[in-house]
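# Observations on chain architecture
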Amino acid sequence: MVDQLLRRSWTIACIFVFHISGYISALEPASGQSDIPEEQRAALKAAIEDLIDTFGDRYPSGGEYLTKLSSMASDDYAGFLKLQREALIANPLVSGQPILFIMRRQYKSDHHNTATMFVTGEINTGNFVGGGAMKTVDFSKGGQVRTLIETSEGLIRDPEVYFDGSKIVFSMRKHIEDNYHIYEIHADGTNLRQLTGAPGVADFDPLYLPDDGIAFSSTREPKYCMCNRHIMGNLFRMDADGANIHQIGKSTLHEGHGTLMPDGRILYDRWEYVDRNFGDAQGLWTVNPDGTNHAVYWGNNTWSPGGVIDARAIPGSERILCILGSCHDRPWGALAILDRRLGLDGREPILRTWDRNAINLAKEIGPKPDVYGFDRFKEIDPKYEDPYPLNDKYFLCSRMTGKGEQMGIYLLDIFGNEILLNVEEPGCFDPMPLGPRPRPMPIPTRRNFNNEKGYFYIVNVYQGTHMKGVEPGIIKYLRVVESPEKRFWTHPSWGGQGVHCPAINWHSFENKRILGTVPVAEDGSAYFEVPSDRFVFFQLLDKDQMMVQSMRSGTIIQSGETTGCIGCHENRRTAPRQAGEKIPLALKRPPSQLNGWFGELRLFNYAYEVQPVFDRHCVSCHDYGQEAGKKLILAGDRTITFNTSYNELWRKKYVGAIGAGPSDIQQPYSWGSHASKLVEVLRNGHYDVKLNEEEFNRIITWIDLNATYYPRYDCAYPANLTGRCPLDDKQLKRLTELTGVPFTKLAVHNKNAGPQVSFDRPSLSPCLAKFTDKSNPDYIEGLDIIEEGKRMLAQRPRADMPGFEPCAIDQQRQHKYVMRKEIELSSRRAIREDKKLYDSEFR
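Thresholds applied
Residues numbered from 1 in each chain as written. Predicted model: local features only at pLDDT ≥ 70, side-chain atom pairs only at ≥ 80, totals over all residues. Heavy atoms only, no water. Helix = DSSP H or I, 4+ residues; strand = E, 2+ residues; numbered from the N terminus. Rg over C-alpha atoms; globule rule 2.2 N^0.38 Å. Buried < 20%, exposed > 50% of the residue type's maximum accessible area, 1.4 Å probe, protein only. Contact = heavy atoms within 4.5 Å. Lys, Arg positive; Asp, Glu negative; His and termini not counted. Charge placed at Lys NZ, Arg CZ, Asp CG, Glu CD. Pairing = 2+ DSSP bridges. Axes fitted to C-alpha atoms, helices over the stretch in contact; angles between N-to-C directions. Phe/Tyr/Trp six-rings, centres within 6.5 Å; stacked < 30°, edge-to-face > 60°. Polar contact = N/O pair within 3.5 Å; in protein donor to acceptor, adjacent residues only side chain to side chain. Disulfide = S-S within 2.5 Å. Salt bridge = Lys/Arg side-chain N within 4 Å of Asp/Glu carboxyl O. Parallel < 35°, antiparallel > 145°, perpendicular 65-115°, else oblique. Left-handed = near helix turned anticlockwise from the far one by under 90°. Nonpolar A, V, L, I, M, F, W, Y, C, P; charged D, E, K, R; others polar. Core = buried A, V, L, I, M, F, W, Y, C linked by side-chain atoms within 4.5 Å.

## Structural notes on the overall build of the protein chain
- A tally of helices and strands in the protein chain yields 13 helices and 33 strands.
- For the protein chain, the C-alpha radius of gyration of 29 Å lies close to 28 Å, the compact-globule estimate for 843 residues.
- Principal-axis analysis of the C-alpha atoms gives the protein chain an extent of 95 × 70 × 55 Å.
- Each of the 843 residues in the protein chain was classed as buried or not, and the buried ones make up 61%.
- Summarising the internal contacts of the protein chain: among those between residues at least 6 apart in sequence, 66% fall at separations of at least 24.
- Averaging the coordinates of the 100 positive side-chain charges in the protein chain and doing the same for the 108 negative ones gives two points 3 Å apart.

And the structure:
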């Protein structure tokens, strides 16, 4: 009922929204058009009447505009456009102060909508194109344009105006060999000062905070998207003078486009995936300015659009204005108004889009798991970017002008008007008023800087939208798993869901580390400690420690923070228990401590943790040359990319893992050990195979972790097939010529023909089975190539083997990561000691 009332109130307030068939978007009438469409006349009339009611004497010519409009001849379309422009620009929100904007080219097309930094020394540096300026246009002075700062070889981006309108924070790169740093300048173009200057990192998307601090996104924790090779960014913050820069976001991919909400939280878009596909995993999130209470806002489990980005709160409402975009595109798409009170995913919360048909592309759940909708919004034309709500009815944005990729500044309203305010070559972006705006109240800090633990609580794990069939008492444990960041990449790739560079798993992208398991109380509550600065997710386990339900997203806790959930996948629009109800049992005791998993904390390695179980109990029958091996081989022989048993179990669908699964939240028991054919065979009894408790736990835990393989992303063979093969391209080409097996075409999960090589027992390699005559020169040469691979692995073990050492480039990347981590810890130490520490001290 509440949702219906919300939608009804929006419809009544914006009665014209759903009945206007076109938008006015040009300064000149379309070729041959002379008649004024009645719906456009009605839209302008509605806007003028609203401006009269809203601004009164501040909109003195409103009555005159209405008179001109009512008396205008129906065939005077040119006159109508002139009146429309004059009447809408007279809006005090538009003409009452200059409009700030950025002049630049549209970013070059790249892998993802986040790939706009073109960081020096990274894979897409060459896509950087310089030349731009920060300017103002003043419509109270006839559209006078003024340049505040410009660069011929560099680029200026991401401006944000201070609360009193006196200064601007922005990101600037001086040339291609520089990187983006945060600067501040007075509103009149004077007093330019640089606030950040760390070498080898990009700082961008700054915003002022209520306490005068500045938050921004940065590559200061160097990490890469798991589905490709591009560097990502996280949220950081600093003092007003650039001191004490520290990280406040820790998700494994990207956090960008931060803006301030009226309650003082930061609204940002976040790209991250755990056990799900890469393309539709970019939604809106919120966080307190101190880095506490990261929480999903909207769109994290929506099939289409692939990216919900660049959002801003609409003043005087609980709605937001944002871009519905695509995964493999620039940061543009359809402009949309969302109301999360109507839902956290899908089409229902989308109240309006520009163009108006774009709303039909939004969908919460796809038709089937292997059909993806993350690029549907690429078809939108024209595309919109950089939205800025002036109030709840009038909006600025950047929009395609119709001349290729050129972007201009547009004014839109809910009545259906859409006019081009300003355009100049090569394009205009980031429009916003250069004037005062409300300052939210600061949110008190809920963390410390001791780099210690934080505390999570869950009130009732059984309370949730996706706990169907899980009766109270079923859940006995909660497992805490870390999904670490990817610090390395290779050019060669494995075709999982998307590309793994290098290969990491059969289908999903993540490596995993088990931090421990804690008890769940009889009432479904849990309370436990977690190390800070870890990207973690939780799994609910039954009495046999088999997974019943799992998060497929991640969460972060800061040192000293306490945060929690009502339940698991609970409806986030519902209130928690009333204060008068009983205190959850888990909260009556000290927090549970994490206990690891069969030894010290470590990254999960299939070859170490699982393969030994098969070696002890299964390989005597399920091996090459054995009758049972014709159905399933469980030997640990290393192949081109993984090992034999891993390939066999995944390819023959024994696992039951979800891989990089669909975007929508899954029901309990739908994947994992409870859905595994392998586990079913073991539980029902398989000849005389008797696993002890630890051995069974190792197998079910591996499957519940989504059946991962490699423990780490760094590699020993960065130039070879999938980044894991000890044979180089020349050797593989020759082996293909000798055996007929197209090895390079098999480096993808859904075209893989099974293990073809054994580097442990080369003579058993299936690719050699065609040779019945072992004296055949082709057999001898092929065997020698595989033997050479065996010798290479002995000299240079890969990441699933003892003695692994990363290649030189990965060691360099790790050195940079460690250096940046030390700087982060130094900044936190300075905060603890009430000192000031600047980037300049680390150059």
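## Re the pairing of strand 23 (residues 418-422)
- Judged by how many residues are buried, strand 23 sits mostly within the fold: five of five residues are covered.
- Examined bridge by bridge, strand 22 (residues 407-413) and strand 23 share four bridges and lie antiparallel to one another. Counted as the bridge partner of Leu411 is Ile419 from strand 23.
- Here strand 22 folds back onto strand 23, and the loop between the two strands holds four residues, one of which, Gly416, carries a positive phi near 115 degrees.

## Notes on the sheet that holds strand 26 (residues 477-482)
- Taken together, four strands build an open sheet; the order of strands is 29-26-31-32 and the sheet is antiparallel. The outermost strands of the open sheet, each flanked by one partner alone, are strand 29 (513-519) and strand 32 (547-550). Averaged over all pairs of adjacent strands, the angle between strand axes in this sheet comes to 25 degrees, irrespective of strand direction.
- Pairing analysis gives six bridges linking strand 26 to strand 31 (residues 536-541), with the strands arranged antiparallel. Bridging across to strand 31, Arg479 finds its partner in Gln539.

## Some thoughts on the packing of aromatic side chains
- A full pass over the atoms with the stated rule returns 34 aromatic pairs.
- Ring centres of Phe170 and Tyr183 lie 5.9 Å apart, and the angle between their planes is 20 degrees; on these two criteria the pair is classed as stacked. Separated by 13 residues along the polypeptide, Phe170 in strand 5 (residues 167-173) and Tyr183 in strand 6 (residues 181-186) bring together distant segments of the chain. Here the two residues Phe170 and Tyr183 agree in accessibility, since each one is buried.
- Ring plane angle 70 degrees and centroid distance 5.2 Å describe the contact between Tyr606 and Tyr646, whose orientation is recorded as edge-to-face. Note that Tyr606 is positioned in helix 6 (residues 606-609) and Tyr646 in helix 8 (residues 644-651), a separation of 40 residues in sequence. Tyr646 carries the same exposure label as Tyr606, and that label is buried.

## Regarding helix 9 (residues 677-684)
- N-cap assignment for helix 9: the residue whose side-chain oxygen lies 3.2 Å from the backbone N of Leu678 is Ser676.
- Within two residues after helix 9, Gly685 carries a phi angle of roughly 100 degrees, on the positive side.

## Some words on the state of the cysteines
- Under the defined criterion, the tally for this structure stands at zero disulfides.
- With no disulfide of its own, Cys397 lies closest to Cys428 among cysteine sulfurs, the gap being 12 Å.
- Here Cys397 falls in the buried class, since its relative accessible area comes to 0%.

## With respect to the sheet that holds strand 9 (residues 214-218)
- One open sheet holds the four strands; their spatial order is 8-9-10-11, and the pairing between them is antiparallel. If you trace the sheet from one side to the other, it starts and ends with strand 8 (203-208) and strand 11 (246-247), each paired once.
- Judged from the four bridges that link them, strand 8 and strand 9 form a sheet pairing that is antiparallel. Considered in strand 9, the bridge of Tyr208 is made with Ile214.

## Topic: the pattern of salt bridges
- If you walk through the whole model with that rule in mind, you get 55 salt bridges.
- One salt bridge in this structure joins Arg193 and Glu184, with 3.0 Å as the shortest N-O distance.
- The shortest N-O distance in the salt bridge between Arg479 and Asp704 comes to 3.9 Å. In this pair, Arg479 sits in strand 26 while Asp704 sits in helix 10 (residues 693-704), placing the two residues 225 residues apart along the sequence. As far as the burial class goes, Arg479 and Asp704 line up, both buried.
- Taken together, the shared-partner salt bridges in this structure form one network comprising Arg602, Glu609, Glu694 and Arg698.

## Notes on the packing of helix 9 against helix 10
- Helix 10 packs onto helix 9 with a crossing angle of 160 degrees between their chain directions and a minimal axis gap of 10 Å. The angle between helix 9 and helix 10 falls in the class roughly antiparallel. In this structure, helix 9 crosses over helix 10, and the sense of that crossing is left-handed. On helix 10, the residues touching Leu678, Val679, Leu682 and Arg683 of helix 9 are Phe696, Ile699, Ile700, Trp702 and Ile703.
- Partitioned by chemical class, the residues of the contact of helix 9 with helix 10 number eight nonpolar, no polar and one charged.

## Some details on the environment of Glu177
- In this structure, Glu177 sits in the loop between strand 5 and strand 6.
- Distance from Glu177 to Thr120, taken between C-alpha atoms, is 6.0 Å for residues 57 residues apart in sequence.

## Topic: the nonpolar core
- If you look at the biggest cluster of nonpolar residues, it comprises 80 residues, and the most contacted ones within it are Tyr273, Phe614, Leu649 and Trp702.
- The dominant element in this core, judged by the number of residues it contributes, is helix 12 (residues 777-795), at six residues.
- With 71 residues, the next largest nonpolar core counts Ala46, Leu51, Leu83 and Phe415 among its residues.

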